[in-house]
Amino acid sequence: MLVLQDLTSCVCICCPLGCQLEISFDELGEIEEISGQKCKRGEAYARQEAVDPLRMVTAVLFVPGSLEPLSVKTAQAIPKQAMAEVLQAISACEPRVPIRLGDVVLADVCGTGVDVIATKDLD
Amino acid sequence: MTKAYTSCDVCIIGAGIAGAFVARELSRFDLKSVVLEAGNDIACGATRANSAIVHAGFDPKPNTNKARFNVAGAKMYPALAQELSFSYQNNGSLVVAFSEEDLEIINSLAQRAQENHVEVRVLNQEELRSLEPNVSADACGALLAPTAGICDPYGACLAAAENAAENGVAFSFNSRVEKIEPLSDLSKTDLPEGFLPNAASEDDDVHCTPKWLITCEDESQYVSAFVVNAAGVHSDELHNQVSATKLSITPRRGEYCLYDTTLGTTFKHTMFQAPSKNGKGVLITPTVHGNLLVGPNAVPQDHKDSLNTSISGLRTIIHAAQKTWPGLGTRDMITNFAGVRSTGNTGDFEIGEPSDAPGFYDIACFESPGLTSAPAVALHIAQEIAQAAKAAPNKRFNPIRKRDHRFIHLPNKLRAQKVAQDANYGRVVCRCNGTTEAEIIEALHGPLPVLCLDAIKWRTGAMMGRCHGGFCSPEIARIMARELGISPDKIDKRTPDSSIVATARPDYLDLVASANASHSGEAPVPEANQISSIKDSGKDDEGKSRATSGASLSASSEGSSCDSDIVSVVPAQAKRSFDFLQLPNTPVEPNPEGSAVKDCYDVVVVGGGAAGIAAANAAAAQGSSVLLIDREAKLGGILKQCVHNGFGLHRFKEELTGPEYAKKELQDLSFWNNPARALDASTQGGYVDICHDSAVLRIYPNNKFHHDQWVIFTNKTGLYSVSALSVVLATGSRERSIGALNVAGSRPAGVFSAGSAQNFMNLQGCLPGKRVVILGSGDIGLIMARRMVSQGAEVLGVYELMPEPSGLRRNIVQCLDDFNIPLHLSKTVVRLEGEGRLEAVHVASVDPKGMVPVPGSEERIECDTLLLSVGLLPENELAHRALLELSPVTGGAVVDQNLETSASGIFACGNALHIHDLVDHASDEGEIAGRAAALHAKRNFASVSGETPAVKAEVLAAVHTSNTAATTKPHKTQTCMSKAGTTCSGELSDVSGASLKDIVTPLPSVANGALSLEVTPGDNLRYCVPQKITVIPQLREELASAIPGAQVSQEAQDVVKFSFRVTRRLEKPRFFIQGGMNGSDKLETIKSSKALIAVPAEMLQIKVKLADLAPYDYICLSARGEEE
């Protein structure tokens, strides 16, 4: 009898190469094999993507007194499904100038354990 | 009680060319005139969209209004253009014959010309060919009309209207006239409130007894003695309200294609085709702005105000124009547009009073040659009205409307004066057409109100250049907001309800106003070492205040004394030799003793984006003195608005956002941007000075008379000229715009290049639109899809012409898939819909073979915004003007492995050279160029320091005169101070006999017996950079006599990095670098490498040793997929 294996594929987003990854699962639903990646980051990405996809979030928000908005990012990737919630939380922030690149604008956003940090200086 | 109506003597309806000239002619008299315009600007109708031709007058049937006013009007144009400062050129026209039958038609036209008293001459094929060498070989003769010309119709209309306004005529926009009634016909209750029929006017300016009541759509009312009907396509409707003799206008659309200025010199004359039974043919003409215009067709349409172009119409005119010029295609097309002619039922213009409506003056059915006839018609109408009104002359009438030429077209002396008078002249806002902030502000506060963004475009030329406002429209919106107090979501692009962005933050206006207040009075001064200004006077008088950077340039009153100074500076011999170039004054003035002003740098880097910063750092690290010049207030280029992550993986081994990447590069730069570095032996004295907010206007490459490069730039503190041994061009790229895509339909607001939308969102906090379609799957488009969704907009889909996405795969995943945005391949936008703001786009499937839309596959998608991500083009205006060889494939300069262009000492890197996929690669390339520029400077220092400054000054002056009609003051080359302290000096060498070509031709980069190996892209490659490899003969000798273990030269160890892109997707490709010898077709493989996949979206790079390439005569790069 032919045993069909569960298989999923995705494009790695770790770098511009965009490797086409294939992830196969055993009958218990555990990852059995990952192929298509050209580096270790790809393998780690595939493992993560298969169970709990993560994404970096970047946004801009208004700062009182500055026409130029502040650009921010999550310090690390956050769960993909939390993206909308995180964007919402970021847009509710009201940081004050002066702000330095790397300043925490919002700590532990939406309970993800990840901080939102400024990506530019704003005076 | 406020009056419910306005009293005037004359009511002019319509502010097109006819209404504007009538207003101006009437302002010669003591009459109160009001112009009522339905649109929100002058020239909203046919005046804005026509062939822009001043017809000689041979064509209209003799003894018609058309013939009479055309001939008279054409004669008035040259003087009017002078008086009112608008563009007009007497270029002459040709009616080209392609057959025996055509020749007969031409002869009959010549006959008609005689009856109309218009000078013409019939040319034979040979004569035609010598006048216009590009005309089709099928052309067998032509009718030459030497008095014909071309003009700027909007400019002429604006000039007449502004002059009228300056002489007292009132203008009311957004005032569409609905009703015209004779007051005598009205019952008391229908009269406007407060109007007493037989009482003298309370208004002292109004002299005549009122006769007409004019009511506008907004219910405002005007009472006047005379009405001028200059309502264009609607003139029949107004006429029919007052006269029993009915007129009827059939609107006839004329479609046009406008081409880039690179094609502007294809023809000198306006090229008509001999009219035939099948129609009048289409014309090809240069425009006064240097473009090439092709059109029109003549398509009757139902709607009078619809300016939509059609897919079939555009195809037809290009096809028809190919009869005159077979070389015409869609390449270099920058936009298409349509105008609507007012073709009347009588076949002639309807001019003057209808017999049953005295006091009502028609300028109706005013189709071609209306533009030409307008001044003569206006004169006629104004005289009739003045006579009927027994009007006295307006004693304060001033016929002169004086306007300076655009800043960018001024000689440098005048530019410097302008900047000294108003620092805003030193801020170039529109990089394509060089429009300055001062000119925009002046237009915003001109005699007529500016009510939309397009009014600025037409008045100043800003946003009319190659990028179609992609770069400058966000900035111009900000200036408009500041000057007029209207926030961008309330600023219309063109018609009412065509807002440029959907939302702006509520405090936008306050922020713009406060930002301006904090900046005023604080001009940006070059940060470290100041450089000299171009002086406005050649006088070598020590007593006069010196213009140093930061200080304002001294008074214009000194300027006029220059011309007599020349004899004392330049020996007669040299002067004589340059007389033919109208040599301007050429002072050479030393720097003041002990001044910090600096004239000379080893390396000047133009552009402070990723590549430019890297180039400046790399050159300084080689011990060079570097000047980095950037347009913007903050360095970093486009990175500043790229707030998403994904940058720096190669260069910094971490994933950064754009601003973070820029900051890392700038940290290195701040090390070099320190005056103390100049004295630091451990770093060989290398340093970087920075001039931000500064626009480079021109680079004069070295030539056979001087071995340094001259860079002219301006900022709010003045106009500067520096000498450099090397120049690095890191000017970045611009986005392809909608105009280049030949999309039919309307020209609504809401069409953005993706980068322009990104600027609005990320640097100004405006949301461009709410229902978005994205055309093109370039990375910026994909990134913007995610940004717009994140900000609450709805993105309906991304449409890609090609069967492959052109952006990176990771961006398809994280920008589209993650947000469920569909990607449609092999589909494109073929038509835009919406008169004000965009209302819908029509998309069609594309046949991948012919790359043409499939008929019948159109689908309408309602949206308010179209973002374009259809490719980037290297920004090469400076390179082009410096006569560098440019690659037709990449659009950037042709370079060798050191990224040196065809001009010795001028280097190019980053997106200015070719479009990169990743900023990391642009930075790396900047480093190569910066290092090579520094080495070039070191090698050439000696040769330059021995040159004669006076000759250089002569040459600079001559070049300026001839190329820009500019009488530039050259920079101070007398003391070319080097770090080593040598001062150049020398005898004036004999430059007599030098031709203009000698003077403007840059020194070639390949010299002294060096060989240049051509590098060609072979199978499956679109391009590769560098396009040539320079090999010095010593290297070949060294390689030929290589002794094992012997010392190897630097050149033999050099590594060449090839960057290239494939033409299509290749699975498991192999790449080959091959070499060949002259006289043989055989290619030897020098190096090969492989990859898993290659797609056009990604740039690929291969490194190879120069020594391995050196033995060959030419090099070929190619790729082969697995399947081949």
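Residues numbered from 1 in each chain as written. Chains lettered and ligands numbered in written order. Predicted model: local features only at pLDDT ≥ 70, side-chain atom pairs only at ≥ 80, totals over all residues. Heavy atoms only, no water.

Engineer: I'm lost on the overall build of chain B in this one. Help?
Structural biologist: Within chain B, the regular secondary structure consists of 27 helices and 53 strands. Across the 1124 residues that make up chain B, the buried fraction comes to 60%. In the structure as shown, chain B presents an accessible area of about 43,300 Å², 50% of it carried by carbon and sulfur atoms. (Helix = DSSP H or I, 4+ residues; strand = E, 2+ residues; numbered from the N terminus. Buried < 20%, exposed > 50% of the residue type's maximum accessible area, 1.4 Å probe, protein only. Areas by Shrake-Rupley, 256 points an atom, 1.4 Å probe, with all protein chains shown as cover.)

Engineer: Looking at this structure, I do not really get the interface of chain B and chain A. What am I missing?
Structural biologist: Size of an interface: often given as the accessible area lost when the parts come together. Contact residues are listed per partner, giving 33 residues for chain B and 32 residues for chain A. Taking both sides of the interface into account, the surface hidden between chain B and chain A amounts to around 2,900 Å²; carbon and sulfur atoms contribute 59%. Linking chain B with chain A are 5 salt bridges. Of the charged contacts, one joins D818 of chain B and R55 of chain A as a salt bridge, the two residues approaching to 2.4 Å between their closest N and O atoms. At the boundary of chain B and chain A, one finds 10 residue pairs in polar contact (both at pLDDT 80 or more). Classifying every residue of the side of chain B that touches chain A gives 13 nonpolar, 9 polar and 11 charged. (Contact = heavy atoms within 4.5 Å. Buried area = accessible area lost by both parts, 1.4 Å probe. Salt bridge = Lys/Arg side-chain N within 4 Å of Asp/Glu carboxyl O. Polar contact = N/O pair within 3.5 Å; in protein donor to acceptor, adjacent residues only side chain to side chain. Nonpolar A, V, L, I, M, F, W, Y, C, P; charged D, E, K, R; others polar.)

Engineer: Help me understand the confidence of the model for chain A in this model?
Structural biologist: Low pLDDT means the predicted atomic positions in that stretch should not be read closely. When pLDDT is averaged along chain A, the result is 90, and 96% of the positions lie at 70 or above. Across chain A, strand β9 (residues 116–118) of chain A holds the top mean pLDDT of 98, while strand β1 (residues 6–11) of chain A sits lowest at 84. (pLDDT = per-residue confidence, 0-100.)

Engineer: Which parts of the structure should I look at to understand the confidence of the model for chain B?
Structural biologist: Residue and element names in this part refer to chain B. Looking at chain B, pLDDT values average 86 and 87% of them are 70 or higher. In this model residues 520–597 is a low-confidence stretch, pLDDT under 50, and it forms 163 contacts with partners more than four residues away in sequence or in other chains. Note on residues 961–993: pLDDT under 50 across the span, and 98 contacts to partners over four residues away in sequence or across chains. Among the scores for the predicted complex, ipTM is 0.92 and pTM is 0.88.

Engineer: Please explain unusual backbone geometry as it appears in this structure.
Structural biologist: Only a minority of non-glycine residues have a phi that is not negative, and only a minority of peptide bonds are not trans. Residue and element names in this part refer to chain B. Each neighbour pair has its own omega, and for G295 with P296 the value is -20 degrees, a cis peptide bond. Mapping P296 onto the fold places it in the loop between β16 (292–295) and β17 (299–300). The backbone phi angle of A52 is positive, close to 60 degrees, even though this residue is not glycine. Within the element layout of this structure, A52 appears in the loop between β2 (33–36) and β3 (53–54). Although it is not a glycine, N820 adopts a positive phi angle of roughly 55 degrees. Examined against the element boundaries, N820 turns out to sit in the loop between α20 (809–816) and β36 (823–825).

Engineer: I'm lost on the side chain of D689 of chain B in this one. Help?
Structural biologist: Inspection of the secondary structure puts D689 of chain B in strand β27 (residues 687–691). In terms of polar contacts, D689 of chain B uses its side chain to reach the side chain of Y601 of chain B, at 2.6 Å.

Engineer: What should I look at first to understand the packing of helix α1 (residues 17–26) of chain B against helix α8 (residues 370–389) of chain B in this one?
Structural biologist: Geometrically, a packed helix pair is captured by the angle between its two axes and the distance between the axes. Residue and element names in this part refer to chain B. As a packed pair, α1 and α8 sit with axes 8 Å apart at the nearest point and diverge in direction by 40 degrees. The orientation of α1 relative to α8 falls into the category oblique. Of the two possible hands of crossing, α1 and α8 adopt the one that is right-handed. Contacts from I17, A18, F21, V22, E25 and L26 in α1 reach L371, A374, P375, A378, L379, A382 and I385 in α8. Classifying every residue of the contact of α1 with α8 by side-chain character gives 12 nonpolar, no polar and 1 charged. (Axes fitted to C-alpha atoms, helices over the stretch in contact; angles between N-to-C directions. Parallel < 35°, antiparallel > 145°, perpendicular 65-115°, else oblique. Left-handed = near helix turned anticlockwise from the far one by under 90°.)

Engineer: Looking at this structure, how should I read the sheet that holds strand β45 (residues 1021–1025) of chain B?
Structural biologist: Each strand in a sheet pairs with its neighbour through backbone hydrogen bonds, running either in the same direction (parallel) or in the opposite one (antiparallel). All names here are of chain B. Strands sit in the order β45-β47-β52 across an open sheet of 3 strands; the sheet is antiparallel. Of all the strands in the sheet, just β45 and β52 (1100–1105) have a single pairing partner and so form its edges. Between one strand axis and the next, the sheet turns by 25 degrees as a mean value, whatever way the strands run. Pairing geometry for β45 and strand β47 (residues 1055–1062), over 4 bridges, is antiparallel. Within β47, the position partnered with L1021 by the bridge is V1062. (Pairing = 2+ DSSP bridges.)

Engineer: Can you walk me through the packing of aromatic side chains in this structure?
Structural biologist: Two measures describe an aromatic ring pair: the distance that separates the ring centres and the angle between the ring planes. What the rule picks out here adds up to 16 aromatic pairs over all chains. Measuring from centroid to centroid gives 5.0 Å for Y256 of chain B and F337 of chain B, while their planes differ by 20 degrees, and the two rings are stacked. Placement of Y256 of chain B in strand β13 (residues 249–259) and of F337 of chain B in strand β18 (residues 333–344) is noted, with a sequence separation of 81 residues between them. For Y256 of chain B, a relative accessible area of 4% gives the class buried. When the ring of F713 of chain B is compared with that of Y720 of chain B, the centres are 5.3 Å apart and the planes differ by 25 degrees; the resulting orientation is stacked. An identical accessibility class is assigned to F713 of chain B and Y720 of chain B; each is buried. Grouping aromatic residues by their ring pairs yields a cluster made of Y77, F86 and Y88 of chain B. Directly above the ring of F62 of chain A sits R505 of chain B, whose terminal nitrogen or CZ lies 4.4 Å from the centroid. (Phe/Tyr/Trp six-rings, centres within 6.5 Å; stacked < 30°, edge-to-face > 60°. Lys NZ or Arg CZ within 6 Å of the ring centre and 35° of its normal.)

Engineer: It is not clear to me how the side chain of E132 of chain B should be interpreted in this structure. Could you clarify?
Structural biologist: Structurally, E132 of chain B can be placed in the loop between α4 (125–131) and β7 (141–145). Contact partners of E132 of chain B, with chain neighbours within four places excluded, come to L94, T266, F267, K268, H269 and M271 of chain B.

Engineer: What exactly am I supposed to notice about the pattern of salt bridges here?
Structural biologist: Two side chains carrying opposite charge are able to pair once their charged atoms lie near each other. All names here are of chain B. A complete count under the given rule lists 56 salt bridges over all chains for this structure. Between E166 and R403 there is a salt bridge, with the nearest N and O atoms lying 3.2 Å from each other. With E166 in helix α5 (residues 153–166) and R403 in the loop between α8 and α9 (412–421), this pair connects stretches of sequence that are 237 residues apart. Using a relative accessible area of 24% as the deciding quantity, one classes R403 as partly exposed. Residue E859 is joined to K827 by a salt bridge in which the shortest nitrogen-to-oxygen separation is 3.5 Å. Residue E859 is found in strand β40 (residues 859–862), and its partner K827 is found in strand β37 (residues 827–833); the two are separated by 32 residues along the sequence. On the accessibility criterion, E859 (35% relative accessible area) is partly exposed. Within the structure, one salt-bridge network assembled from shared partners comprises R427, E437, E475, R478, R482 and E483.

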